[in-house]
Every structure is written in C-alpha cells, then in structure tokens.
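What follows is the residue order along each chain.
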Amino acid sequence: MKNFARRLAMGPWLGIALIVFLLVLWQLAAELKWVSPLSLPSVTSVLATLWDLLLSGELLKELASSLWRMFAGYFIGGALGVLLGLLMASFRPVYNLLEPITEILRPIPSPAYVPIAILFLGIDDEMKIFMVAFASFFPVLLNTYSGVRSVDPVQMQTARTFGVKGAKILWQVVLPSAAPSIFTGMRVSLAVALIVMVISEMVAASNGIGYFVLAAQRGFKTREMFAGIITLAVLGYCLNRIFLAIESRVLAWHRGATQQQKN
Amino acid sequence: MRDSSTAVQGGSPYIAVRGVRKSYSGHGRTTHALGGVELQIEQGAFVSIVGPSGCGKSTLLQIMAGLVPASEGRVDLQARQVTEPPPEMVYVFQQYTRSLFPWKSVEKNVSYGLENREKLPASEIAALTREYIGLVKLDGFENHYPWQLSGGMQQRVAIARALACRPAVLLMDEPFSSVDALTRVGLQELVLRLWRELGLTIVFVTHDTEEAIYLSTRVVALGKPPSTVRMDLQIELPHPRDQITTRELPRYLQYRHQLLSQLFSDEGLASGAKPNPA
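Residues numbered from 1 in each chain as written. Chains lettered and ligands numbered in written order. Predicted model: local features only at pLDDT ≥ 70, side-chain atom pairs only at ≥ 80, totals over all residues. Heavy atoms only, no water.

Peer 1: Even after reading the chapter, I still don't get the interface of chain A and chain B, so can you show me in this structure?
Peer 2: Interface size, as often reported, equals the accessible area lost upon joining of the parts. The partner chain B presents 25 residues to the 22 residues of chain A that form the contact. Summing both sides of the interface, chain A and chain B together bury roughly 2100 Å²; the carbon and sulfur share of this comes to 60%. The largest share of the area that chain A buries against chain B comes from T161, F162 and W253 of chain A, three residues that together contribute 33% of it. Between D152 of chain A and R98 of chain B there is a salt bridge, with the nearest N and O atoms lying 2.5 Å from each other. Our count for the contact surface shared by chain A and chain B stands at eleven residue pairs in polar contact (both at pLDDT 80 or more). Counting only elements with at least two residues in the side of chain A that touches chain B, the list comes to α8 (153-161), α9 (167-203) and α12 (252-262) of chain A. The element best represented in the side of chain A that touches chain B is α8 of chain A, accounting for seven residues. (Contact = heavy atoms within 4.5 Å. Buried area = accessible area lost by both parts, 1.4 Å probe. Salt bridge = Lys/Arg side-chain N within 4 Å of Asp/Glu carboxyl O. Polar contact = N/O pair within 3.5 Å; in protein donor to acceptor, adjacent residues only side chain to side chain. Helix = DSSP H or I, 4+ residues; strand = E, 2+ residues; numbered from the N terminus.)

Peer 1: What is the right way to read the sheet that holds strand β8 (residues 201-205) of chain B from this model?
Peer 2: Neighbouring strands of a sheet are bound in pairs by backbone hydrogen bonds; such pairs are parallel or else antiparallel. Residue and element names in this part refer to chain B. As summarised here, the arrangement of the six strands in space is β6-β7-β8-β3-β9-β10, forming an open sheet in which the pairing is mixed. Each edge of the open sheet carries a strand with a single partner, namely β6 (89-92) and β10 (229-234). Mean inter-strand twist for the sheet, computed between neighbouring axes without regard to direction, equals 15°. Of the pairings in the sheet, the one linking strand β7 (residues 169-173) to β8 comprises five bridges and is parallel in character. Paired with M172 across the bridge in β8 is F204. (Pairing = 2+ DSSP bridges. Axes fitted to C-alpha atoms, helices over the stretch in contact; angles between N-to-C directions.)

Peer 1: How do you make sense of the nonpolar core when you look at a structure like this?
Peer 2: Within soluble globular proteins, side chains that are nonpolar tend to cluster in buried spots. Formed by 111 residues in total, the largest nonpolar core has its most connected members in V173 of chain A together with F46, I159, L170, M172, I202 and L259 of chain B. Looking at this core element by element, the count peaks at 15 residues for α9 of chain A. Those residues within four positions of I202 of chain B in sequence are excluded, and the remaining contacts are A45, F46, V47, L170, M172, V191 and W195 of chain B. Residues V20, L34, M89 and V169 of chain B belong to the second largest nonpolar core, which totals 33 residues. (Core = buried A, V, L, I, M, F, W, Y, C linked by side-chain atoms within 4.5 Å. Buried < 20%, exposed > 50% of the residue type's maximum accessible area, 1.4 Å probe, protein only.)

Peer 1: Would you explain the environment of I202 of chain B in this entry?
Peer 2: All names here are of chain B. Mapped onto the fold, I202 is located in strand β8. According to the relative accessible area criterion, I202 is buried, its value standing at 0%. For the pair I202 and V191, spaced eleven residues apart in sequence, the C-alpha to C-alpha distance is 9.3 Å.

Peer 1: Teacher, can you tell me more about the environment of Q188 of chain B here?
Peer 2: Residue and element names in this part refer to chain B. The topology assignment puts Q188 in helix α6 (residues 181-198). On the basis of relative accessibility, which here comes to 3%, the residue Q188 falls in the buried class. With 26 residues separating them along the chain, Q188 and Y214 place their C-alpha atoms 9.0 Å apart. What Q188 contacts, discounting residues up to four positions off in sequence, is F176, E211, Y214, L215, Q243 and R247.

Peer 1: Sorry, what's going on with the packing of α8 of chain A against α9 of chain A here?
Peer 2: Packed helices, taken two at a time, are described by their axes: the angle between them and the distance between them. All names here are of chain A. Where α8 meets α9, the axes come as close as 10 Å, and the angle between the chain directions of the two elements is 155°. Classed by the angle they form, the pair α8 and α9 counts as roughly antiparallel. Regarding α8 and α9, the two cross each other, and that crossing is right-handed. For the pair formed by α8 and α9, the contact residues are Q155, M156, A159 and R160 on the first element and I169, V173, V174 and S177 on the second. Here the residues of the contact of α8 with α9 sort into five nonpolar, two polar and one charged. (Parallel < 35°, antiparallel > 145°, perpendicular 65-115°, else oblique. Left-handed = near helix turned anticlockwise from the far one by under 90°. Nonpolar A, V, L, I, M, F, W, Y, C, P; charged D, E, K, R; others polar.)

Peer 1: Is there a simple way to think about the sheet that holds strand β5 (residues 80-81) of chain B in this case?
Peer 2: Residue and element names in this part refer to chain B. Spatially, four strands are ordered β2-β1-β4-β5 in an open sheet, and the strand pairing comes out antiparallel. On the outer flanks of this sheet lie β2 (29-41) and β5, each paired with one strand and no other. Relative to β2, strand β1 (residues 15-26) runs antiparallel, the two being bridged by ten bridges. If you follow I15 over to β2, its bridge partner there is I41. Along the sheet, helix α1 (residues 57-64) makes contact with β1, β2 and β4 (72-77), crossing β1 at roughly 120°.

Peer 1: What is the right way to read the packing of aromatic side chains from this model?
Peer 2: Where two aromatic rings form a pair, the distance of their centres and the angle of their planes describe that pair. As enumerated under the stated definition, the model contains 19 aromatic pairs over all chains in all. Taken together, a centroid distance of 4.8 Å and an interplanar angle of 65° make the contact between F101 of chain B and Y112 of chain B edge-to-face. Placement of F101 of chain B in the loop between α2 (96-99) and α3 (106-117) and of Y112 of chain B in helix α3 is noted, with a sequence separation of eleven residues between them. Owing to a relative accessible area of 0%, F101 of chain B belongs among the buried residues under this scheme. By way of ring pairs, the aromatic residues Y113, F130, F134, F137 and F138 of chain A are connected into one cluster. R161 of chain B extends its terminal NZ or CZ atom over the ring of F101 of chain B, reaching a point 5.5 Å from the ring centre. Over the aromatic face of Y214 of chain B sits the side chain of R247 of chain B, whose NZ or CZ is 4.6 Å from the ring centroid. (Phe/Tyr/Trp six-rings, centres within 6.5 Å; stacked < 30°, edge-to-face > 60°. Lys NZ or Arg CZ within 6 Å of the ring centre and 35° of its normal.)

As structure tokens, this is what we get:
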C-alpha cells in the first residue's frame, strides 16, 4: 500500500488523479444541489450534451468558422511579424522608423482595439481576422527581431567567404539561425490568437465557438455553455501539442545543440 | 619538391598586399591596427603570419579575403584588386564551433560552399562532397551534426567545406588554437598533406611561432600596432616534414631563435640570448 502511494506520487498519475477528483466534486455539487443546477449542470449531463452537439455537427460547424478566422489572422500576423522583425533587425533606418510606434501600440491590450476594428471593418470575418492578426503580430515581431540580432557574425562571414551575399544570406543563414527564437514567438502568438478569437466572437458575431458559448449562457443553456468551454480547452491543448510536435521536428538540431552545450 | 620560383606570373606577384592600413574608430577614439603592410606571396607558398596578440594579423587576413575593407592600400590577387571574397579564395575561421552551421549535417555543411560557388549537377556535388569528407577522414559521419563531433573533427569539417570548392588559396585564421595538443598535430599533418597534394597556396595566421616554422615555406612577423612587417623569413626545411625530426634540425632551431628574438625585442622582453645568430 505504501509502495503504491509512492508510485502514485512519482508518476504522471498524480495530476490526472487531481482532475478526476475535481470532476467528481463537480458531479457531487451538481447532484446534491450544493450549487443551483441552473448554473452548474452535472458533468455527465455536460458530456452528454457535448456528445450530442458533436454528433449533430453543430459544434464542428462553429469550430470550423472559428478556426478559419483564427488561422487566417495567425498566419497573416505571424508572416508580417517575421518580415518586419527581419527588416528591423537588418536595417537600422527601418528599426528607427518602427521601434517607437511598436512600443506604443504593443502594451495596449488587444480587446481595446475591438471598438476601432468594428468601426472600420464591421462585425464580419475581416474584423476578427484583423484582431487575431494584430495580436499575433507583436510576439512574433519581437522574437524575430531579437533572434536575428543575435545571429553569430561568424556565420554570416562564412556565407560571404563562399560567395553568398544579400538576400541569400538572410534565407540561408539568418532565418535558420533565428528559427528557434521565431518559433518561441509563434508559440506565444498561438495562445494569444486563441484568446483574441474567442473575445472577438463574444463581442460581435453570429457564429463561432466564442459566440456559441456566450449565446448559450444568455439563453440559460448552461450545459451547452460548459460543452463549448470544454471544447475550447481541448482545442487549446491540441493546438499546443501539434505546435510542439512541429517545432521539435523542425528544430531537432537546436535541441541537440543546446543539450550538448549544457553537458 | 615544389618550385617556388614559379612565383611571378606575367610580372605581377600572385598575391600582393600593398600599403594596407586599417583603423577602427569608436567610443571617441581611433585605433590604428595595421600601419602600412607590404607583402607579396608567390603561388604555392605556405606563408605563416605571426605576431603579438592584437597586432592585427587576423584583420590582415580578413582584408586579404575581401571580408573586411582596408582603410588604405589594396590587396591584389593575380593583379586583380580584391574588393569582395574572390572565388579562388576560402577563409577558414578560428571559431569552427561558430562557423559550422548547426542546423546542417556534416554532409550539408561540406556541400554548402560547393552549392553556392558554382552551378553543378546534384550528382557531382554529392560526389565531390563524399570525396572531401573522405579526404579529411570523416567517412561515416555524413549524417552527424556538428555538435555531435569533437573539436578536431569539427575543424576537419570546416576544412573539407573550404576545400570542396577547390580553391587555389586557403586563408586560415588560427585554425588550431582551440584544440588539444595531439589533435593539433593531427590537423597540422592534414593541412601539410593537403597543401602538397592539392598544390594550394596557404596563408596561415597563428600566434605559435613553432607551428609557423614547422608548417611554412615562409614566416612573416608583424610588430605591435600599428603593425608593419618586422621580419620576413624564408623557411628552407626539407619536405616532407616530420613532427619529431624536423623540429630537431639545427636550421629549425635557428629560425626559432631568430623569430623569438624579434618578437621578444618588439615586446620589450629580454631573452638573454644574442639576437640573430645567422
């Protein structure tokens, strides 16, 4: 018994046990009506609703429109972040031109842009894509900039001694060398993109998972609301996992090289 | 073994460094590193440049390579002024750990210069890459990454990468200064062998006078900055050289005496010996 407890404490099961415990607590709170069933439906009923929503295809439809907006914005913002980060790090005048304005715009919380975005872009996809792109842009920009700044000059000299110059150096040396940093920015932006996508859909939308959750709450359909939130949790978890898998494949050399340095 | 009298081609030297000066300014003051260096190098020579640290010998090499512009003066390669890295020359960096691309395998690192220097079919690039990996005895490590290799092996990758472009001139900046003594001997033999077999011209910067004498056909000593050529010594030691017997030759010791006396007197260090027994 003692042995079992120790093995539980050392393994991955401890964290899972906590989640199961909290779900049981939730179930009890709902069953025994510690909390009003109107606000807190039982876990089992939420999961049943989630299952129905998945089977009917309703949830997947909302998810599809959300994911389209999110990825469109994420890739636009990410691409611009890499491009401008590269330019700012490579050309002093570009840096001098853009640094002050980024420092002013960056600290403003993204949701504060929603009213402006609605004024200029309406309440359709353009507004949400813009919001996600805008929020995804800054982490990628900053990390690309610092990644490019720290490229080893010896590597660029090496390219030059082999007759490589100009844009080819950017492509062959600077980008791969800055890739670990760029990936860090992209990972931060992915989390930000998910948040901003949900927020912009809650503010103004007629579909999407953010809209779905808010509409369910307003219609006192709390089971649907919780089903939507669980979907978001699973989505966020999966996106991060997929990202890490891609990253470890693309940057396998970097993990090896940095582990080597630590030894 | 090799005839160094083929030096002059059409009246102009193979490599000519003419009145090269280099100054850096920054933080409100100007540093004069090179104060008018004159140097002519014949084809096929193995020339070492020695001097106290900070004398600008690496800077001189970078100027010769077209990587850094001279403040004054010029460098000519076969009577053409060097303004950017010429295709006949490759520079081998001191810091091999920083000069190899960590995201490329050994094979991709070696083929890097080849792919960029000339338009060759992929099969030929692959064949040349294999050949030069074999030449530095790294067969079997093609798919390793630089960080999986020892320091000496990494520098061999860098040498293979440079040679795969089949340059006529190899410019080497203290290439063996950060490996252990035995690895260093191995690399010295490798470079001597490649110099002989491939008919290269090598300009070799080192702070180690013994290494310079052992490897070279000529040793050039720079003084304190702003540096100029303080001593120019033809090394007439027999080839092939031998790590033990060559270093025991009276001639070798005489060259060593001359060079060290020069360097010590420039530094204001007394050696107790009479300068220049020659």
